[in-house]
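One letter stands for each residue in the lines below.
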Amino acid sequence: EEIEKENHLPSGCIRDGRWVKPVYRRDPKQTVGHIILQMNNAEAADYLLVHKIHIRGLKYETEKPRKEPYRCMKCQLYRHMAKECKNPHDICGTCAGQHRTKDCNAYKSPCCVSCKSHDHASWDRSCPTFMMLCDRLNARFPENLAPTYGSLGVMRVPTLADIPISTRAGSQ
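Given the structure is predicted, the values throughout are model-derived calculations rather than measurements.

Engineer: Where do I start with the nonpolar core in this structure?
Structural biologist: Nonpolar side chains tend to gather and get buried jointly when the protein is soluble and globular. Membership of the largest hydrophobic core is limited to 10 residues, which are I3, L9, C13, I14, M39, A44, A45, Y47, L48 and I53. In terms of residue count, helix α2 (residues 42-51) provides more of this core than any other element does, four residues in total. Discounting residues that sit within four places of it in the chain, L48 has contacts with N7, L9, L37, M39, I53 and T62. With six residues, the next largest nonpolar core counts C112, C127, F130 and C134 among its residues.

Right, dumping it as structure tokens:
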């Protein structure tokens, strides 16, 4: 409700919101977090994608989620999830060793399980295998590359004249 008001959105257009990393998993020194908002309509979503989002007086970047390849967190290979993995051992996403990624101490010696490169880790978004799989998904789902959901022109962008004088910054 607070975010809707601050961004001049219709009441009830934000269905749900959640932090990407739960609060209990954050480092005490963490200063940045990512939030996922589920919107009830494409017009409101597109408005935030074009005009960014304001939260407590600060303006933040927004991004439309894209379909991306699934990577197993157990074996680090693509196209399946850990719960379906047939590999008997955990494989590290950083060094490709036989241990869980969270237990890795070899972060200075990366090795990608997918492409066998020692130039990056399995989770690196510049991995050629990851990029090739993203290209395939983008070909199958062209809307993946669109910056908005395509509703622009439907929702009228509020102007300063639309904001009641009593809520404008600096008004008394």
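Engineer: What exactly am I supposed to notice about the side chain of D46 here?
Structural biologist: Mapped onto the elements, D46 comes out in helix α2. Notably, D46 is buried but unbridged: the nearest opposite-charge side chain belongs to K64, and the N-O separation is 7.1 Å. Polar contacts involving the side chain of D46 include one to the main-chain amide nitrogen of G150, which spans 3.1 Å.

Engineer: Help me understand the packing of aromatic side chains in this model?
Structural biologist: In this description, an aromatic ring pair is defined by two values, namely the gap between the centres and the angle between the planes. Under the criterion given, the structure shown has one aromatic pair. Centre to centre, the rings of Y78 and F130 are 6.2 Å apart; their planes meet at 35°, and the pair counts as tilted. Residue Y78 is located in the loop between β4 (58-60) and α3 (128-140), and its partner F130 is located in helix α3; the two are separated by 52 residues in the primary sequence. There is no split in this pair, since Y78 and F130 are both buried. Cation over ring: K64 sits above Y149, and NZ or CZ is 5.2 Å from the ring centre. One cation-aromatic arrangement involves K67 over F141; the distance from NZ or CZ to the ring centre is 5.1 Å.

Engineer: Teacher, can you tell me more about α3 here?
Structural biologist: Note that an α-helix has 3.6 residues per turn; residues three or four places apart therefore point the same way. For α3, which comprises 13 residues, the first-to-last C-alpha distance of 18 Å matches the rise-based estimate of 18 Å (1.5 Å per residue) to within 8%. Among the residues making up α3, those that are buried are T129, F130, L133, C134, L137 and N138.

Engineer: Would you mind going over the pattern of salt bridges with me for this structure?
Structural biologist: Side chains carrying opposite charge are able to pair once their charged atoms draw close together. By the definition in use, this model includes five salt bridges. Residues R56 and E2 are paired through a salt bridge, measuring 3.5 Å at the closest nitrogen-oxygen approach. Placement of the pair is R56 in the loop between β3 (53-55) and β4 and E2 in helix α1 (residues 2-6), with a sequence separation of 54 residues. Measuring nitrogen to oxygen at the nearest pair gives 2.4 Å for the salt bridge that ties E68 to R125. Residue E68 is found in the loop between β4 and α3, and its partner R125 is found in the loop between β4 and α3; the two are separated by 57 residues along the sequence.

Engineer: Where do I start with the side chain of N144 in this structure?
Structural biologist: Mapping N144 onto the fold places it in the segment after α3. Note on N144: relative accessible area 4%, which makes it buried. Engagement of the side chain of N144 in a polar contact is seen with the backbone nitrogen of K67, the distance being 2.7 Å. When residues no more than four places from it in sequence are discounted, the contact partners of N144 are R66, K67 and N138.

Criteria and cut-off values
- Residues numbered from 1 in each chain as written.
- Predicted model: local features only at pLDDT ≥ 70, side-chain atom pairs only at ≥ 80, totals over all residues.
- Heavy atoms only, no water.
- Core = buried A, V, L, I, M, F, W, Y, C linked by side-chain atoms within 4.5 Å.
- Buried < 20%, exposed > 50% of the residue type's maximum accessible area, 1.4 Å probe, protein only.
- Helix = DSSP H or I, 4+ residues; strand = E, 2+ residues; numbered from the N terminus.
- Contact = heavy atoms within 4.5 Å.
- Lys, Arg positive; Asp, Glu negative; His and termini not counted.
- Salt bridge = Lys/Arg side-chain N within 4 Å of Asp/Glu carboxyl O.
- Polar contact = N/O pair within 3.5 Å; in protein donor to acceptor, adjacent residues only side chain to side chain.
- Phe/Tyr/Trp six-rings, centres within 6.5 Å; stacked < 30°, edge-to-face > 60°.
- Lys NZ or Arg CZ within 6 Å of the ring centre and 35° of its normal.
- Expected span 1.5 Å × (residues − 1).

Keep in mind these numbers describe shape, not what the thing actually does.
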